[in-house]
Amino acid sequence: MVSAEMVFLGATVIQIVFTLPVLLDSGSTVPRETSIPTALVWFVYAATYVTISFPLAAVASALGGVLWAFVALFRGRPSKQDLDYVIGDLLSE
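In this text, all values refer to a predicted model and were calculated from it rather than measured experimentally.

### What about the environment of G27?
Reasoning step 1: Within the secondary structure, G27 sits in the loop between α1 (2–24) and β1 (30–31).
Reasoning step 2: The exposure class assigned to G27 is exposed, which follows from its relative accessible area of 62%.
Reasoning step 3: In this structure, the C-alpha to C-alpha distance between G27 and R75, residues 48 residues apart in sequence, is 8.3 Å.

Below you can see the structure in the form of structure tokens.
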């Protein structure tokens, strides 16, 4: 079982490392329609790892969820529909 946890932990760490540039680049944006569900999925993974007694993978997945929550908060852009309203309002002025 320990080797399975290490595989999940390693995969999670790799995904977190590849997601960090999105958070660190002030010019990047991610649709909230994808970043919020991604954060929720990471938290579900963390809960799942807790239930199968993989604490390291659970902590790493929870960190992934926090990372994606920050991406949604700081790099999230409004939905396309919201942008259409904003653009329409700007054009009508």
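### Observations regarding the packing of aromatic side chains
Reasoning step 1: Taken as a whole and judged by the stated rule, the model has five aromatic pairs.
Reasoning step 2: Cluster of aromatic residues (ring-pair linked, three or more members): F8, Y49 and F54.

### Observations regarding α1
Reasoning step 1: Counted at 1.5 Å a residue, the expected span for α1 with its 23 residues is 33 Å, and the 33 Å between its end C-alpha atoms agrees.
Reasoning step 2: In α1, a bend of some 25° at F18 exceeds every other bend along the element, and P21, a proline, comes one to four places later.
Reasoning step 3: For α1, the set of buried residues is E5, L9, T12, I16, T19 and L23.
Reasoning step 4: Of the surrounding secondary structure, the elements contacted by the buried residues of α1 are α2 (32–51) and α3 (55–75).

Rules used throughout
Residues numbered from 1 in each chain as written. Predicted model: local features only at pLDDT ≥ 70, side-chain atom pairs only at ≥ 80, totals over all residues. Heavy atoms only, no water. Helix = DSSP H or I, 4+ residues; strand = E, 2+ residues; numbered from the N terminus. Buried < 20%, exposed > 50% of the residue type's maximum accessible area, 1.4 Å probe, protein only. Phe/Tyr/Trp six-rings, centres within 6.5 Å; stacked < 30°, edge-to-face > 60°. Expected span 1.5 Å × (residues − 1). Bend = angle between axes of the 7 residues up to and from the residue. Contact = heavy atoms within 4.5 Å.

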